[in-house]
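Commentary on secondary and tertiary structure
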Amino acid sequence: MSYFNNIVQAISTLIDGMKVTMGYFVRPREYVTLQYPDEVWPVPSRNIGVGELDSYNTIRSKLTVDINDCIGCKACERACPVDCITIDAFRGGPDEDLGTTSNGTKIKLLVTDFTIDMSECMYCDLCVPPCPEDCIVMTPDYQFISNDNLKTDVTPEQRWRDRSLLIYQFSKVSEEERQRRKAEAKAAAAEKAAIMAAKKIAAEKAVAEAAEVNAEPAASASSSGEATETTSLASDSDPQVPSTAPEASNPETKVSYAIPLETIESSAPAEGDSDTPIAEPTESQNSTEDIEEKESENG
Amino acid sequence: MIQSLANWILSFDILAGMGNPVAWGLSLFVVSALIFVFVALNAIVLVYIERKVSAFMQVRLGPMRVGKFGSLQTVADALKLLQKEDIIPQMADKILFVIGPWVILVASVVTFAAIPFSDTLLAANMNIGLFYVVSISSIVVLGIVMAGWASNNKWSLYGAMRSAAQIISYEIPVGITLIAVVAVVGSLNLQTIVIAQGGTGNLFHWIPIPLPNWFVFHDPFLFLAAFIYLTGATAEINRTPFDIPESESELVAGFMTEFSGLRWALFFLSEYANATLVAFLVSIIFLGGWQSPFSTYGGAQVGFSILTLLAIMWTVFVKIKAKRLSIFPVGLSLVITLCAWLFPGFALWLASPGLFWMLLKVASIIFLLMWFRWTFPRLRVDQLMYVSWKVILPISLINLMGVAVWMWLTGEIQF
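Residues numbered from 1 in each chain as written. Chains lettered and ligands numbered in written order. Predicted model: local features only at pLDDT ≥ 70, side-chain atom pairs only at ≥ 80, totals over all residues. Heavy atoms only, no water.

1. Points about helix α3 (residues 73–83) of chain B
Note on helix geometry: an α-helix contains 3.6 residues per turn, so any two residues three or four positions apart are oriented the same way. Residues and elements named next belong to chain B. Convention followed: The buried label goes to any residue with under 20% of its type's maximum accessible area, the exposed label to any with over 50%, and the partly exposed label to all in between, with areas taken from a 1.4 Å probe on protein chains only. Strands are runs of DSSP state E lasting at least 2 residues, helices are runs of H or I lasting at least 4, and numbering of each runs from the N terminus. Arc definition: it is the arc formed by the directions from the helix axis to the C-beta atoms. The criterion used for residue contact is that any of the two residues' heavy atoms lie within 4.5 Å.
Buried within α3 we find Q73, T74 and L81. Mapping the buried residues of α3 onto a view down its axis gives an arc of 90 degrees, with all of them on the same face. Projecting away from the buried face of α3 at angles above 90 degrees are the exposed residues L82 and Q83. In this structure, the buried side of α3 is in contact with α2 (20–57) and α11 (261–286).

Written out as structure tokens, the structure is:
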């Protein structure tokens with residue numbers, strides 16, 4: 001009897017199932033399918049959190065900056081744990097008006113390059129709170145790929161390795177302007193470095209002259225001791241500083257002013273047959289000639 | 001059809017010189033090409049419809065992006081399959097691997113030679129048509145075993161063995177069911193079987209409900225036989241819920257695991273050709289083939305009026321509920337009905353083409369198969385054998401005897 005019961009039950013359940021599927025087939029359409037590129041799920045713009053986490057729980061999908069409000073303070077660059085933010089900012093000229101931010105702050109630095117590498121960003125949101133102008137924000141835009149900057153001349157493998165589509169650059173100025181500013185800043189920095197170097201040398205010279213007065217015995221001791229060879233510490237390629245020694249053109253002497261005196265022996269190669277350093281540096285041409293004379297005597 | 005085509009070619013004065021054998025060969029080629037094109041286009045259309053039907057039954061959309069409503073999706077798929085690399089596994093039996101899919105495809109396509117598409121559209125009017133179709137379609141299992149064995153893959157071999165066991169098991173109830181029909185008609189000729197279903201009769205001969213004289217309504221045993229045949233044929237063509245030879249959750253893809261590209265497309269082609277063949281056989285044997293159902297109800301005018309009423313009802317109950325009112329189906333059927341009443345000749349012309357009714361019935365049966373496929377869960381191997389040997393076979397045997405007794409009672413045959 002269970003044999004027939006089985007058959008009847010099988011048929012009735014099959015008919016039940018067919019009713020269900022046919023019901024869905026003719027039912028007014030309530031599709032669950034979303035035609036993705038044409039339509040997307042609505043994304044809450046901010047504040048999906050509740051309570052005290054409200055302001056923290058933003059949707060963090062893409063980091064963007066409102067470059068017009070950026071004052072170039074680099075607070076976000078310092079805050080970033082993975083260094084995905086790179087900022088180039090230059091001081092404007094004295095008569096240059098860089099405008100104000102939307103908060104009313106006067107902009108003093110011209111931000112020529114604000115680069116966000118989304119392939120390195122870890123969406124930690126640490127760069128957002130430090131910003132004094134609230135211009136760097138996490139946005140809910142999760143669609144990074146667009147046809148705008150799609151390179152058609154690269155192979156899929158190259159595109160797979162190529163992160164350039166994930167690097168977002170913001171700038172207030174054009175590329176030429178940016179390069180010009182960079183060059184200007186470089187020249188200014190070089191000039192500044194030169195001035196600093198000259199100042200340093202002048203200071204050292206003053207120190208050395210002061211020391212020469214006290215260290216006359218030491219200089220004579222060095223000249224009367226074993227013959228040694230040293231390079232002139234005062235030499236520099238800077239034309240502002242007159243070279244006092246024939247060895248001044250030696251490039252290795254360029255950096256010697258910044259190095260503590262005790263380490264000169266290792267940085268300066270010994271040209272003679274003796275490695276013994278002199279106790280005190282000599283600045284005058286006479287002392288150098290003295291050393292040379294001693295050397296020739298020894299030789 | 002081949003002979004008439006050859007006669008038509010020879011009827012032209014210019015072509016008459018080519019001689020009978022040449023004309024006959026030419027017509028043979030044309031007819032074979034027509035059948036193959038029909039099978040290929042049919043597969044492309046059916047794959048799209050199947051994907052859409054399954055999507056609608058699962059509250060999805062289905063293919064939407066290629067062409068309007070994804071209508072060119074299967075064309076794109078076919079182009080992709082044709083371009084794919086031709087892979088033959090290193091340890092495979094190369095000869096069997098190559099010819100396996102072709103055996104299956106040829107066995108599926110060749111059966112269409114005996115199918116009457118309409119009263120004149122018939123490639124070969126053979127007097128053993130039904131026997132020919134059943135026996136040729138059994139060669140499919142040979143190709144499946146070839147493909148499964150040649151792949152040198154455990155899943156392929158399992159799939160092929162299951163397929164062989166399944167097809168052989170279900171051949172028997174299917175054959176017995178067909179014998180019941182043959183007993184009623186007294187002929188194996190498919191065209192004769194269709195012609196025998198013309199005219200109007202009562203339901204089950206005695207119940208006074210006028211119905212077309214189709215074999216489903218001939219007697220209760222043949223009514224049951226139609227469903228038994230549909231079940232057994234579904235199993236024979238390895239369609240869900242009897243798709244254990246290619247059950248993807250157990251056997252990856254069964255006997256077609258190792259196949260790709262064109263060869264895999266051939267499997268798909270033959271699968272849908274087989275489904276269409278089953279739909280054709282059900283239509284021919286039980287649903288009156290190319291016979292129009294409206295010959296029963298006082299002509300085509302009444303039939304079209306009923307269609308219009310149905311369309312209006314469908315619009316009212318379904319479309320208004322969906323708040324997307326479309327007057328197109330109602331308008332079209334109203335116009336057709338009006339024309340049918342005004343011009344009786346037009347109605348006759350519209351209702352007469354056998355090809356239309358044939359394809360309509362075939363489409364309904366194919367939709368039924370798709371409905372099965374996306375509703376029923378797959379049977380286990382032992383359940384499959386249980387259903388075949390312990391349920392369907394006894395019922396079909398009883399059916400055969402019942403048909404004989406019925407015919408003796410109604411006086412259709414005398415001893």
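2. Here's the deal with the interface of chain B and chain A
For the record, the criterion: What gets called buried area is simply the loss in accessible area from a 1.4 Å probe that two parts show on being joined, summed for both. A side-chain nitrogen of Lys or Arg and a carboxyl oxygen of Asp or Glu constitute a salt bridge if their distance falls within 4 Å. Here a polar contact is taken to be a pair of N or O atoms separated by no more than 3.5 Å, where protein atoms must pair a possible hydrogen donor with a possible acceptor and residues adjacent in sequence count only if both atoms sit in side chains. Here the nonpolar group is Ala, Val, Leu, Ile, Met, Phe, Trp, Tyr, Cys and Pro; Asp, Glu, Lys and Arg are the charged ones; every other residue, Gly included, is treated as polar.
Contact residues are listed per partner, giving 23 residues for chain B and 20 residues for chain A. Among the residues chain B hides against chain A, the three largest losses belong to F56, V59 and L61 of chain B. Together they make up 29% of the total. Where chain B touches chain A, the interface holds zero salt bridges. Our count for the chain B to chain A interface comes out at four residue pairs in polar contact (both at pLDDT 80 or more). Partitioning the side of chain B that touches chain A into residue classes produces 17 nonpolar, one polar and five charged.

3. So, the pattern of salt bridges
Once their charged atoms are close, side chains differing in charge can pair, the charge on each being opposite to the other. Residue and element names in this part refer to chain B. Using the criterion set out here, one finds seven salt bridges over all chains in the structure. When the shortest N-O distance is used, the salt bridge between R239 and E50 registers 2.9 Å. Of this pair, R239 sits in the loop between α9 (220–236) and α10 (248–251) while E50 sits in helix α2; the two residues are 189 residues apart in sequence, bridging distant segments of the chain. A single burial state applies to R239 and to E50, both of which are buried. We note a salt bridge from D77 to R51, for which the minimum N-O separation is 3.2 Å.

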